[in-house]
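Each chain, letter by letter, is given below.
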Amino acid sequence: MSWIQQTTREDFSRARRKALFTQLLSLVDRSSSELLAFEEVRSRLNVRSQRDLGLQSVPVAQIIGSEGRYADFDRQFAPRHQATMSRWLSVDRAFHEAVTLPAVELYKIGDIYFVKDGNHRVSVARLQGQVDIDALVIELVVDVPLGSDLSMRDLLLKEEYSDFLEWTELASLRPEQRIEFSEPGGYLALIQHINAHRYYLSQEQGSEVTRDEAVTRWYDTVYMPVVSVIRESGSLRSFPGRTEADLYRWIMDHRWYLRERNGGADPGPLVAVEDYVRLFGRRSLAELTERLMRGLRAVVQPSADRAA
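All values reported here derive from a predicted model rather than from experimental measurement. (Residues numbered from 1 in each chain as written. Predicted model: local features only at pLDDT ≥ 70, side-chain atom pairs only at ≥ 80, totals over all residues. Heavy atoms only, no water.)

Enquirer: Teacher, can you tell me more about the overall build of the chain here?
Expert: The number of helices and strands found in the chain is 11 helices and 6 strands. Taken over 308 residues, the chain has a buried fraction of 40%. Considering only contacts in the chain between residues 6 or more positions apart, those separated by 24 or more positions represent 71%. (Helix = DSSP H or I, 4+ residues; strand = E, 2+ residues; numbered from the N terminus. Buried < 20%, exposed > 50% of the residue type's maximum accessible area, 1.4 Å probe, protein only. Contact = heavy atoms within 4.5 Å.)

Structural data, given as structure tokens:
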């Protein structure tokens, strides 16, 4: 066996061990080690347009999916099956012999890429520590942000976000918007907020309010004032793993409760945020737990002393 044959076989064995280790790790931490299927992602998002970006240098780490071979490689493009060995070895041999191969073909959605052609070339590049790879890129333009940590659970949230942006046209009306939830159902609540705001605006003006006007007025005068207070006060630190949109949704419910309690007087975003954080923030919950434990000890200890 020649040195090149031995080297490429050792590389393939190393790649397979990497795939097995990643699979075992995913069982332990319950994460997904699978490549994303291009069609699965594309079908869940509203694609505004498509354009040819031509030849580009693409970060290999941002290639996290495939059009047709997503079952053959894991999320790091390590081969999952021995069946890929023959083609993989030939590409790896070209790498060691410094043979120039054609550019891979990729789809881009957001900041992530999917292989249209060249899965084995991406796999070898990833194993060999290659940072970038030459690629012919076709971009599918969407309004929602997508990063290399995208999971299937995240994709369900992105699908809701994409539908929300399609209905509201908020990405066009307010390009700077960034409204993301940590759990499903939030965007439906926002649509209810917008519809309610549209109704009250129509009542005030005595005329029908267009959807675009209702959306922009809601964003400018309802959503952003609350989010601005959240940012300025650093309230997210009291709710680890949550987002500004999560807090907005909960604080608006709390704001309505305070309004009802105060005879219809709106407390405003500042009071609503401060009161919600005081009652439900991480420190507040820790203090509440400690008070409950002190109360429980106060009840239990005298009973124990009497029993003694």
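Enquirer: Got a minute to help me understand the environment of glutamine 76 in this structure?
Expert: Mapped onto the secondary structure, glutamine 76 falls in the loop between strand S3 (63-66) and helix H3 (85-96). Separated by 41 residues in the primary sequence, glutamine 76 and leucine 35 place their C-alpha atoms 7.9 Å from one another. Those residues in contact with glutamine 76, other than ones at most four positions away along the chain, are Lys18, Thr22 and Arg126.

Enquirer: Would you explain helix H8 (residues 211-233) in this entry?
Expert: For an α-helix, 3.6 residues make a turn, and residues three or four places apart therefore share a direction. The terminal C-alpha atoms of H8 lie 32 Å apart, and with 23 residues this matches the ideal 33 Å at 1.5 Å per residue to within 8%. At methionine 224, H8 shows its largest kink, close to 40°, and the proline proline 225 lies no more than four residues downstream. Contacts from the buried residues of H8 go to helix H5 (152-168), helix H6 (170-173), helix H7 (186-205), helix H9 (244-261) and helix H10 (268-280). (Expected span 1.5 Å × (residues − 1). Bend = angle between axes of the 7 residues up to and from the residue.)

Enquirer: I tried to follow the sheet that holds strand S6 (residues 132-141) on my own but got confused; where do I start?
Expert: Consider a sheet: its strands pair through backbone hydrogen bonds, and that pairing is either parallel or antiparallel. Strand order in the open sheet formed by 6 strands is S1-S3-S5-S4-S6-S2, with mixed pairing between adjacent strands. A strand with exactly one partner marks an edge of an open sheet, and here the two such strands are strand S1 (36-37) and strand S2 (49-59). Relative to strand S5 (residues 112-117), helix H4 (residues 119-127) is tilted by about 130°, and along the sheet it contacts S3, strand S4 (104-109), S5 and S6. (Pairing = 2+ DSSP bridges. Axes fitted to C-alpha atoms, helices over the stretch in contact; angles between N-to-C directions.)

Enquirer: Would you explain the nonpolar core in this entry?
Expert: Generally speaking, soluble globular proteins have nonpolar side chains that are buried together. Ranked by internal contacts, the top residues of the largest apolar core, which has 50 residues, are Ile109, Phe164, Ile179, Trp218 and Tyr223. Sort the elements by how many residues they give to this core and H8 lands first, with 11 residues. If we ignore the near neighbours within four places in the chain, the residues touching phenylalanine 164 are Leu170, Ile179, Tyr187, Leu190, Ile191 and Ile194. In terms of nonpolar packing, the next biggest core, distinct from the first, is built from 23 residues, Ala15, Val115, Leu127 and Ile133 among them. (Core = buried A, V, L, I, M, F, W, Y, C linked by side-chain atoms within 4.5 Å.)

Enquirer: Help me understand H4 in this model?
Expert: Most of H4 is tucked away: 8 of the 9 residues are buried. Within H4, burial applies to Asn119, His120, Arg121, Val122, Ser123, Val124, Ala125 and Leu127. At the exit of H4 stands glycine 129, carrying a positive phi of roughly 75°.

Enquirer: Would you explain the packing of H7 against H8 in this entry?
Expert: A pair of packed helices is characterised by two quantities: the angle between their axes and the separation of those axes. Running from N to C, H7 and H8 point in directions that differ by 105°, and their axes come no closer than 9 Å. Considering their axes alone, H7 and H8 lie roughly perpendicular with respect to each other. Contact with H7, carried on its side by Leu190, His193, Ile194, His197, Arg198, Leu201 and Gln205, involves Arg211, Glu213, Ala214, Val215, Arg217, Trp218, Thr221 and Val222 of H8 and no other residues of that element. When the residues that make up the contact of H7 with H8 are grouped by side-chain class, the tally is 7 nonpolar, 4 polar and 4 charged. (Parallel < 35°, antiparallel > 145°, perpendicular 65-115°, else oblique. Nonpolar A, V, L, I, M, F, W, Y, C, P; charged D, E, K, R; others polar.)

Enquirer: Sorry if this is basic, but what is going on with the packing of aromatic side chains here?
Expert: Think of a pair of aromatic rings as described by two things: how far the centres are apart, and how the planes are tilted against each other in angle. The final tally for this structure, using the stated rule, is 16 aromatic pairs. Look at phenylalanine 38 and phenylalanine 114: their rings are 5.6 Å apart centre to centre, the planes differ by 65°, and that puts the pair in the edge-to-face class. Of this pair, phenylalanine 38 sits in helix H2 (residues 38-44) while phenylalanine 114 is found in strand S5, placing the two residues 76 residues apart along the sequence. Comparing phenylalanine 38 with phenylalanine 114, the two get one shared label, buried. Look at tyrosine 276 and phenylalanine 280: their rings are 4.8 Å apart centre to centre, the planes differ by 45°, and that puts the pair in the tilted class. Of this pair, tyrosine 276 and phenylalanine 280 both sit in helix H10, 4 residues apart, which is roughly one turn of that helix. With a relative accessible area of 37%, phenylalanine 280 lands in the partly exposed category. Among the aromatic residues, those joined into a ring-pair cluster are Tyr161, Phe164, Phe181 and Tyr187. Note that arginine 211 overlies the ring of tryptophan 167, its terminal NZ or CZ placed 6.0 Å from the centroid. (Phe/Tyr/Trp six-rings, centres within 6.5 Å; stacked < 30°, edge-to-face > 60°. Lys NZ or Arg CZ within 6 Å of the ring centre and 35° of its normal.)

Enquirer: Hey, could you run me through the pattern of salt bridges in this one?
Expert: It is possible for side chains bearing opposite charge to pair when their charged atoms get close. On inspection of all chains with the given rule, the structure shows 20 salt bridges. Note that glutamate 180 is salt-bridged to lysine 158, the shortest N-O span being 2.6 Å. A residue pair is termed long-range when its members are at least 10 positions apart, and glutamate 180 in the loop between H6 and H7 and lysine 158 in helix H5 qualify at 22 residues. Among the residues examined, glutamate 180 registers a relative accessible area of 22% and is labelled partly exposed. The class of lysine 158 is buried, set by a relative accessible area of 12%. Aspartate 212 serves as the salt-bridge partner of arginine 211, at 3.8 Å between the closest nitrogen and oxygen. On the accessibility criterion, arginine 211 (29% relative accessible area) is partly exposed. Residue classification places aspartate 212 among the partly exposed positions, given a relative accessible area of 34%. A cluster of three or more residues bridged by salt bridges with shared partners is formed by Glu40, Arg44 and Glu159. (Salt bridge = Lys/Arg side-chain N within 4 Å of Asp/Glu carboxyl O.)

None of the figures reported here should be taken as evidence of function without further support.
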